[in-house]
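Commentary on secondary and tertiary structure
Now for the letters of each chain:
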Amino acid sequence: MPDGSKLSSAPQRSLVVNGFTNSVLDPEAPMLGPVANGGTIIANTAPGCWGPMITPRLRGGHEVTQPVAIEGAEVGDALVIRIRDITVTSAATASGHDSSPEGFCLGDPYVAPRCPTCGTLWPETHVEGIGQQAVRCDACGNAVTPFAIVHGYTVAFDETRQVGLTVPREAAEAIAHQAERYAALPDASRQHSILTFAPSDMPGVMVRLRPFLGQLGTCPSKAMPDSHNAGDFGAFLVGAPHPYALTAEELAAHKTDGHMDIDAVRPGAILLAPVKVKGAGLYMGDMHAAQGDGEIAGHTMDVAGSVTLQVEVKKGYPIDGPVLFPLQEDLPPLARPFTAEEKARAKGLAARFGVAEMEALGPISVIGTAATMNAAIENGLQRAATLLDMSVAEVRNRATVNGAIEIGRAPGVIQVTFLAPMAKLDAAGLGVYCREQYGL
């Protein structure tokens, strides 16, 4: 099994992360740390999606932090990640619905961009001016645009980072000329800022900020592009013509589903992630200022920001994918804990109909991923059933009457969120986190 930790230093109680990968998560690459079990990780993250997407030297569509080794984490364990803080540092960003022009990639514009003029794969590029032709190949000087914005916007944020407003063309272009400053790109970031494109197709739209991490998880056990560490985007690696191709079996075995784009992965949430390499290799990135369920435009407001996490190792806990305990306000209405008044009414029903004992219930959200939405739902249902020793039919019933299927990202990241019996949560070793999160 790969071992990317290769470290001899003593564990640190806290670690500040300033470095980034080249958008590939490689278990053979050195990790930072190790951080002590129970320690704190503070990171300055770079924007995901659009900036890396227009930077052909990056090979994965995002720019995530260098993975961190966690003391004592071994294959078959899980990491318990408590999100303490997420703060937006960008003053503006740009985004929009995309297209992929012909000739600018080898099979996948996220993973293998190339210059259509000189044919260089992963070319080094520079910025000349602003607009969608501004990124130029160092070798031949021609525009390299693996992605174009079909309909987009530039949004500026207020000083408190609570609201934003999309701006007209003149303002978008003024921001584009100072793109790195407005984007607050970290010093070690290697991406071109998407603000350079200056899109302005829907000015005057007010937005509400609600930041979360689109990428948070552990290193896969085989090298793969960061944005493809999930069942939906990962499906594009199966049989691909570039060097990061995988078989379907390899993808299922090695991915850790760290790319979720689930808006409940925000301050106060508790996330459990699988460990598939020694040291775990905790990484993060792709901070979003806000996003509606589904990220239906394909992209949202990607920003730089600061993140504080506290991590601990859960030994001997070989989960297949992430498990989330969201904030109570982020739970679907039917999955929220019952109030004292509701319980009193139910006790009346129990007495009337001869129910000897009512189940004690607690919320849980199990993540499912796959190439399509229907397959992702099946994956999440099966994961929940395995985790809680239930039949899939029972999970379906509980998610229907006491929960919901929530969409993280189209085409294939979902949450199976429902009230589960506390006895089942306790048997699965999860009751402690449920009680911590919801005060049960």
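Being a predicted model, the structure only gives us computed values, none of them experimental.

**Here's the deal with the domain arrangement of the protein chain**
By the assigned domains, the protein chain splits into domain 1 (20–87 + 214–319), domain 2 (92–208) and domain 3 (328–438). Placing a centre on the C-alpha atoms of domain 1 and another on those of domain 2 gives a separation of 23 Å. The interface of domain 1 with domain 2 comprises 37 residues on the first partner and 40 residues on the second. Where domain 1 abuts domain 2, roughly 3,100 Å² becomes buried across the two surfaces, and 65% of that area is made up of carbon and sulfur atoms. The partner of Arg57 in a salt bridge is Glu124, and the shortest N-O contact between them spans 2.8 Å. On the surface where domain 1 and domain 2 come into contact, there are 16 residue pairs in polar contact (both at pLDDT 80 or more). Broken down by secondary-structure element, the contributors of at least two residues to the side of domain 1 that touches domain 2 are strand 3 (32–45) and helix 1 (50–53).

**Here's the deal with the pairing of strand 20 (residues 413–421)**
Counted residue by residue, strand 20 has nine buried out of nine residues, so it is predominantly covered. Two strands pair when backbone bridges link them, and strand 18 (residues 361–369) and strand 20 are joined in this way by nine bridges, in the antiparallel orientation. Each residue of the ladder has a partner; that of Gly362, found in strand 20, is Ala420. Strand direction decides the pairing type here: strand 19 (residues 403–409) and strand 20, joined by six bridges, are antiparallel. If you follow Glu406 over to strand 20, its bridge partner there is Gln415. Adjacent in sequence and paired antiparallel, strand 19 and strand 20 are bridged by three residues.

**Focus: the layout of surface pockets**
Space inside the largest pocket adds up to approximately 330 Å³. Examining the composition of the lining of the largest pocket, we find that four residues originate from one element, helix 5 (residues 340–353), more than from any other. Tallied by class, residues from the lining of the largest pocket come to eight nonpolar, no polar and four charged.

**Some thoughts on helix 2 (residues 169–176)**
Of all the positions in helix 2, only Ala172, Ile175 and Ala176 are classed as buried. Down the axis, helix 2 shows its buried residues gathered within 105° of arc, on one side only. Buried-residue contacts for helix 2 involve strand 6 (92–99), strand 9 (148–157) and helix 3 (179–183).

**Describing a nonpolar patch on the surface**
On the surface, Leu349, Phe353, Val355 and Met358 cluster together to form a nonpolar patch covering roughly 380 Å² of accessible area. For Met358, the position within the fold is in the loop between helix 5 and strand 18.

**Observations concerning the sheet that holds strand 6**
The sheet built from four strands is open, its strands ordered 6-9-10-11 with antiparallel pairing. Two strands bound the open sheet, and with one partner strand each, they are strand 6 and strand 11 (206–208). Going across the sheet, the axis of each strand differs from the next one's by a mean of 30°, ignoring polarity.

Conventions adopted
- Every chain begins its residue count from 1, and numbering advances along the sequence as written.
- For a predicted model such as this one, the threshold for reporting local features is a pLDDT of at least 70, and the threshold for listing and counting side-chain atom pairs is 80 or more; totals across whole chains, interfaces and linings nevertheless cover every residue.
- The side-chain values count all of the structure's non-hydrogen atoms but skip hydrogen atoms and water molecules.
- For the domains described, the bounds stem from an automatic or database domain assignment.
- Contacts between residues were defined by any pair of non-hydrogen atoms, one from each residue, lying within 4.5 Å.
- Buried area: the sum, over both parts, of the accessible surface (1.4 Å probe) that disappears when the two are put together.
- The salt bridge criterion pairs a side-chain nitrogen of Lys or Arg with a carboxyl oxygen of Asp or Glu, the two atoms within 4 Å.
- Contacts described as polar in this section are N or O atom pairs within 3.5 Å, which, within protein, must combine one atom able to donate a hydrogen with one able to accept it, while residues neighboring in sequence count only if both atoms come from side chains.
- Counting from the N terminus, the helices are the DSSP runs of H or I reaching at least four residues and the strands are the DSSP runs of E reaching at least two.
- Residue exposure (1.4 Å probe, protein chains only): buried if accessible area is under 20% of the type maximum, exposed if over 50%, otherwise partly exposed.
- When DSSP finds at least two bridges between two strands, those strands are taken to pair.
- Space inside and on the surface of the protein is sampled on a 1 Å grid over the protein atoms alone, with a cavity defined as a set of points where a 1.4 Å probe fits but cannot get out and a pocket as an open set with protein on both sides within 12 Å along at least 5 of 7 lines; lining residues have an atom within 4 Å of a point.
- Grid points are joined across faces, edges and corners, and a volume is the space filled by probe spheres set on the points.
- As a working rule, the residues Ala, Val, Leu, Ile, Met, Phe, Trp, Tyr, Cys and Pro are called nonpolar, Asp, Glu, Lys and Arg charged, and the rest polar, with Gly in that last group.
- The arc refers to the directions leading from the helix axis to the C-beta atoms.
- Patch rule: a residue counts if its relative accessible area is over 30% and it has no salt bridge; like charges are joined within 9 Å, and nonpolar side chains (Val, Leu, Ile, Met, Phe, Trp, Tyr) within 5 Å.
- Accessible surface is estimated by sampling points in the Shrake-Rupley manner with a 1.4 Å probe; for residues, cover comes only from the protein chains shown.
- Between N-to-C directions, angles cover 0 to 180 degrees, with each direction set by a line fitted to C-alpha atoms, over the stretch in contact for helices.

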